[in-house]
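Topology and contacts: notes
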Amino acid sequence: MSPSRLAAPAALVLLVGISAVTGVASLSGGEWWILGVSRLPRTAAALLAGAGLAVAGVIMQMLARNRFVEPSTTGTAQAAGLGLVAVTLVAPGAALWLKMAVATAAALIGTAGFLALVRRLPSRDPLLVPLTGLVYGGILGAAATFLAYERDLIQYVDVWMNGELSGVMLGRYEFLWAAGALAIAAYVFADRFTIAGMGEDTSRSLGLDYPRVVALGLVIVAGIAAVTVVTVGMIPFVGLVVPNMVARFAGENLRRTLPLVAMSGAGLVLACDILGRLIRFPYEIPVGTILGVLGALVFLWMLNARR
Amino acid sequence: MIETRALSVHLTGKPVLHDVSLSLPRGKLTALVGPNGAGKSTLLTALGRLIAPASGEILLDCVPLNTIPAPELALRLSILRQEGAVGPRLTVRDLVSFGRYPHSHGRLGVTDRAEVERAIDRLDLAAFSDRYLDTLSGGQKQRAQIAMVLAQQTDVILLDEPLNNLDLAHARRVMRIARQEAEAGRTVVVVLHDLTVAAAYADHLVALKAGRVAASGRPDQVVTEPVLSDLFDTEVTVAEVGGRRVVLTL
Ligand SMILES: Nc1ncnc2c1ncn2[C@@H]1O[C@H](COP(=O)(O)OP(=O)(O)OP(=O)(O)O)[C@@H](O)[C@H]1O
Ligand SMILES: [Mg+2]
């Protein structure tokens, strides 16, 4: 392997090390249990959510054939939130897995709705697609907020929509491994998603069942987004910034770039979480807030670099 | 061989092709000509099964096209579209490799790799093979798209205006490749606007006008002053230069 190929894994290992020793409680005081119960689960959660969201972003970009979309700008996360509010209203005591299933189904329907919507748009202006997604997601998010407000669930919506890792503990994040599994599934079908990015006609010319590839992609994207929303809350911009950065340096042949996308997403979220623990030590800033600011800046820079 | 029987195609509800009956023989290069909007691209996309006919039939080697499973069709028929779509950021070699997808399903074997390299060489892309598509000129991109179609190595090859953006040397190269493919026993259909090129390279011409077949036959039957003047509603001169038909429009 070339040194540059080792750079991403090496950086990840370094970040994991920093994450393990960063926090209010000091490990030197003999409080080793903190590591197993809190620090390592939190670190794993950051890595899984980051890898999953970055992979979901790149798949979304292939399906929508647009560089500027990701689960938080296509109504996916908001639909998952809406589904969660709905299931919490109807069956407040439902098991977590059931809530997760409803959130995934809602995210699936919401994202399929987004794709159907943008398919009708004239393809001339690529920015029309994310703009439509922002408005569409805004409407879904508003519906969730309204429902929640009526029934006093508003604090839950806040938790779901603003990614935060400080509450992650052993036994309370494990669903995120499903996001990791879905990211691996995405890798198995990587070629199909790359071809889908060439459009429906090319996909069909190469013998693909295009609707099936889209359905598969939607399940992966919706699953990753829903799991993230339920366990740690939505973390914005990872799915946008990471794939665009990787595309710049390594292209978009997903068979080759997906591992790098996943590792970069994992590293970015973990780095931002560590930053959030340090900036106002001993207080914490949620990782979603940090990525919201950082991601918005990178996004603006990307828009400018387009010209 | 492809046959169409009383083929009609509608686009967004509007009839575009009317009652087209054609035979596109194996081992021959057929040129599809006609004015803008005549329906050439529509015919080609229907032959590639990318749009469904409103009525009539398309037969591929005497079998109705719509009964062939998609993975099998991808092994037998390839198509170059007129509008080069923007897709993922790929290198030329990656793009051409995707032409092998129907054969390899993503696991490129020795033959696949050899076909990819051959297609790259045939389109004179060796110097650009590791460059990203978005860093190429219009003609280089067009050649990469053609190489992808060629790598698919299908019995039927449909090319919609492959000479778009090509300089004269590469236009000649592409037409020679199309001829070689036909002589190797394939069914090659090429949409062309340059009638001099069509007359020089095609075995067989089909002229479309307003969605109908206006003329078809050998070059000496179709590339004539009366037929072409009528086809394009403008005066056309056909001269003979060095034993070849040359179409003059100005
Ligand atoms: N989506 C569509 N809906 C309705 N009509 C269409 C659509 N696409 C094309 N047409 C019309 O169908 C006719 C045939 O179009 P087609 O693209 O097949 O022409 P062509 O012969 O390939 O022309 P050119 O030489 O300009 O490429 C044209 O009159 C065009 O305006
Ligand atoms: Mg055309």
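How each quantity is defined
Residues numbered from 1 in each chain as written. Chains lettered and ligands numbered in written order. Predicted model: local features only at pLDDT ≥ 70, side-chain atom pairs only at ≥ 80, totals over all residues. Heavy atoms only, no water. Helix = DSSP H or I, 4+ residues; strand = E, 2+ residues; numbered from the N terminus. Rg over C-alpha atoms; globule rule 2.2 N^0.38 Å. Buried < 20%, exposed > 50% of the residue type's maximum accessible area, 1.4 Å probe, protein only. Contact = heavy atoms within 4.5 Å. Lys, Arg positive; Asp, Glu negative; His and termini not counted. Charge placed at Lys NZ, Arg CZ, Asp CG, Glu CD. UniProt positions renumbered as here; feature names shortened; annotations may be inferred. Donors = N, O, S within 2.8 Å, 3.2 Å for Na, K, Ca; no water. Core = buried A, V, L, I, M, F, W, Y, C linked by side-chain atoms within 4.5 Å.

Here the focus is the overall build of chain B. Regarding its fold elements, chain B presents 10 helices and 12 strands. Over its C-alpha trace chain B gives a radius of gyration of 18 Å, about what one expects of a compact globule, namely 18 Å for 250 residues. Considering only C-alpha atoms, chain B reaches an extent of 50 × 45 × 35 Å along its principal axes. Looking at chain B residue by residue over its 250 residues, the buried ones come to 52%. Of the contacts formed within chain B by residues at least 6 apart in sequence, a portion of 64% connects residues at least 24 apart. Computed over 28 positive and 28 negative side-chain charges, the separation of the two mean positions in chain B equals 3 Å.

It is worth spelling out the UniProt feature "transmembrane region" (unreviewed entry) in chain A at this point. Residue and element names in this part refer to chain A. Residues annotated by UniProt as "transmembrane region" (unreviewed entry) correspond here to residues 44-64, 76-94, 100-118, 127-149, 169-190, 213-238 and 283-303. Structurally, residues 127-149 is divided into 96% helix and 0% strand, and its ends, taken at the C-alpha atoms, are 32 Å apart. Each end of residues 169-190 is marked by a C-alpha atom, and these two atoms are 32 Å apart; helix forms 64% of the span and strand 0%.

Let us now look at the coordination of the magnesium ion (ligand 2). Residues and elements named next belong to chain B. Each protein donor to the magnesium ion (ligand 2) is listed here as S41 (OG) and Q82 (OE1); together their distances run 1.9 to 2.1 Å. Of this pair, S41 sits in helix 1 (residues 40-47) while Q82 sits in the loop between strand 6 (77-80) and helix 3 (92-98), and the two are 41 residues apart along the sequence. The exposure class assigned to S41 is partly exposed, which follows from its relative accessible area of 24%. On the accessibility criterion, Q82 (31% relative accessible area) is partly exposed.

On to the nonpolar core. Judged by nonpolar contacts, the single largest core of 137 residues is most densely connected at I59, F114, L115 and I235 of chain A. Take this core: its biggest share by element is 16 residues, from helix 2 (residues 33-64) of chain A. Contacts of F114 of chain A, omitting those with residues within four sequence positions, involve M60, A64, V69, T73, T74, V129, G133 and Y136 of chain A. Judged by nonpolar contacts, the second largest core, of 27 residues, contains I58, L60, V189 and L208 of chain B.

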